[in-house]
Amino acid sequence: MPNIDWVNCVRWNPEGTLLATASDDNTVKLVDFASEKVLFTGGTSDKSNESTSLVISLIYMDRPSRLRELLKTLNILLNV
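These numbers were taken from a predicted model, which means no experiment stands behind them.

The rules we used
Numbers given for residues are sequential positions, taken from 1 along each chain in its written order. Given that this is a predicted model, residues contribute local features only at a pLDDT of at least 70 and side-chain atom pairs are listed and counted only at 80 or more, while totals for whole chains, interfaces and linings are drawn from all residues. Note that water and hydrogens are dropped before the side-chain values are worked out from all heavy atoms of the structure. Numbering goes from the N terminus for both helices and strands, where a helix is a DSSP run of H or I of at least four residues and a strand is a run of E of at least two. Here's how the labels work: a residue is buried when its accessible area is under 20% of the maximum for its type, exposed when over 50%, partly exposed in between, all with a 1.4 Å probe on protein chains only. The contact definition used throughout considers only heavy atoms, calling two residues in contact when any of these lie within 4.5 Å. Values of accessible area rely on a 1.4 Å probe in the Shrake-Rupley scheme; residue burial ignores everything except the protein chains shown. For two strands to count as paired, DSSP must find a minimum of two bridges between them. Throughout, an axis means a line fitted to C-alpha atoms (over the contacting stretch in the case of helices), and angles, computed between N-to-C directions, take values from 0 to 180 degrees.

Novice: Run through the overall build of the protein chain, naming residues and quoting values.
Specialist: Secondary structure summary: the protein chain contains 1 helix and 4 strands in total. For the protein chain, with 80 residues in total, the buried portion stands at 22%. By sequence separation, contacts in the protein chain at least 24 residues apart represent 31% of the contacts at least 6 residues apart. Entry remark: accessible area of the protein chain is about 6200 Å², with carbon and sulfur atoms responsible for 60%.

Here it is, written out as structure tokens:
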């Protein structure tokens, strides 16, 4: 199923088999490109303010532990 609003970001995984989209409909979709099957649809949890709950960017992470490292770094940068 396609996104129902403007798509802000599209990213391929490193292997070139999965496509992720981030959209103004507050969703992220992960699609297996060969089969055209949607493997995952997720949304933002904050519905209180549409302008703050838009998904505007995506990254692929090779290891889930890298996400924790990235969040720690962002927290440090934002609190300076």
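Novice: Break down the sheet that holds strand E1 (residues 7-12) for me, citing the residues and quoting the values.
Specialist: The sheet built from 4 strands is open, its strands ordered E1-E2-E3-E4 with antiparallel pairing. The sheet is open, and its two borders are formed by E1 and strand E4 (37-43), each paired with just one other strand. Across this sheet, the average inter-strand angle for adjacent strands is 15°, counted without regard to direction. Note: strand E3 (residues 27-32) against E4, 6 bridges, orientation antiparallel. Within E4, the residue paired with Asp32 across the bridge is Lys37.

Novice: Talk me through the pairing of E3; I want residue IDs and the actual numbers.
Specialist: Across the two faces of E3 the burial differs, with Thr27, Lys29 and Val31 buried and Val28, Leu30 and Asp32 not buried at all. Two elements, strand E2 (residues 18-23) and E3, share 5 bridges in a ladder whose sense is antiparallel. The partner of Thr21 across the bridge, within E3, is Lys29. Once E2 ends, the chain turns through 3 residues before running back antiparallel as E3, passing Asn26 with a positive phi of about 70°.

Novice: I'd like a rundown of the environment of Pro14, residues and numbers included.
Specialist: Along the chain, Pro14 turns up in the loop between E1 and E2. The spatial distance from the C-alpha of Pro14 to the C-alpha of Tyr60 is 7.9 Å, given a sequence separation of 46 residues.

Novice: I'd like a description of unusual backbone geometry, backed by residues and values.
Specialist: Positive phi outside glycine occurs at Glu36, with the angle close to 60°. Along the chain, Glu36 falls in the loop between E3 and E4. By relative accessible area, which is 66% here, Glu36 ends up exposed.

Novice: Account for the environment of Ala22, with residues named and values stated.
Specialist: Structurally, Ala22 can be placed in strand E2. Residue classification places Ala22 among the buried residues on the basis of a relative accessible area of 0%. C-alpha of Ala22 to C-alpha of Asp5: the two residues are 17 residues apart in sequence and 9.8 Å apart in space.

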